[in-house]
Amino acid sequence: QVQLVESGGGLVQAGGSLRLSCAGSETIFNIDSMGWYRQAPGKQRQLVARIIGSGILIYADSVRGRFTISKDNDKNTLDLQMNSLKPEDTAVYYCRQVIQGTVYWGQGTQVAVSS
């Protein structure tokens with residue numbers, strides 16, 4: 001059973017920074033892709049950033065240049081450094097992994113950005 005546990009969410013003022021971390025139970029080398037998604041109230045869940053295969057990085061246009069996704073192979077963690085946060089970044093952030101074609105989600109962590 002793959003388990004994903006997110007941490008690092010919270011309340012921050014606009015312009016501030018937060019770092020999210022996702023701890024996974026599966027060795028990173030076995031993962032097809034991993035990423036962060038977010039869902040704001042009343043909206044669909046959407047991609048924030050992904051790492052595909054050996055290291056192809058994909059960012060949503062709305063976060064490119066402000067957010068950085070990275071992985072730690074030794075710790076089996078996936079991090080999201082979020083800088084220059086805006087009120088529109090407010091959402092529940094979810095970690096997602098695809099392992100041998102199966103999609104796994106974490107429980108989510110709340111990020112709230114005040115203006």
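Data block above holds the structure.
Residues numbered from 1 in each chain as written. Predicted model: local features only at pLDDT ≥ 70, side-chain atom pairs only at ≥ 80, totals over all residues. Heavy atoms only, no water.

For the rest of this paragraph, the subject is the pattern of salt bridges. Enumeration according to the criterion identifies four salt bridges in this entry. Between Asp 79 and Arg 19 there is a salt bridge whose closest N-O contact spans 3.2 Å. Of this pair, Asp 79 sits in strand S8 (residues 77-82) while Arg 19 sits in strand S3 (residues 18-24); the two residues are 60 residues apart in sequence, bridging distant segments of the chain. With a relative accessible area of 12%, Asp 79 lands in the buried category. Here Asp 89 makes a salt bridge to Arg 38, at a shortest N to O gap of 2.9 Å. Taken together, the residues Asp 89 in the loop between S8 and strand S9 (91-99) and Arg 38 in strand S4 (residues 33-39) connect sequence positions 51 residues apart. By relative accessible area, Arg 38 is classed as buried at 7%. (Salt bridge = Lys/Arg side-chain N within 4 Å of Asp/Glu carboxyl O. Helix = DSSP H or I, 4+ residues; strand = E, 2+ residues; numbered from the N terminus. Buried < 20%, exposed > 50% of the residue type's maximum accessible area, 1.4 Å probe, protein only.)

Moving on to the packing of aromatic side chains. The final tally for this structure, using the stated rule, is two aromatic pairs. Residues Tyr 37 and Trp 105 carry aromatic rings whose centres are separated by 5.2 Å and whose planes lie at 75° to one another, so their mutual orientation is edge-to-face. A residue pair is termed long-range when its members are at least 10 positions apart, and Tyr 37 in strand S4 and Trp 105 in strand S10 (residues 102-105) qualify at 68 residues. Take Trp 105: its relative accessible area is 36%, and that puts it in the partly exposed class. Look at Tyr 94 and Trp 105: their rings are 6.3 Å apart centre to centre, the planes differ by 90°, and that puts the pair in the edge-to-face class. (Phe/Tyr/Trp six-rings, centres within 6.5 Å; stacked < 30°, edge-to-face > 60°.)

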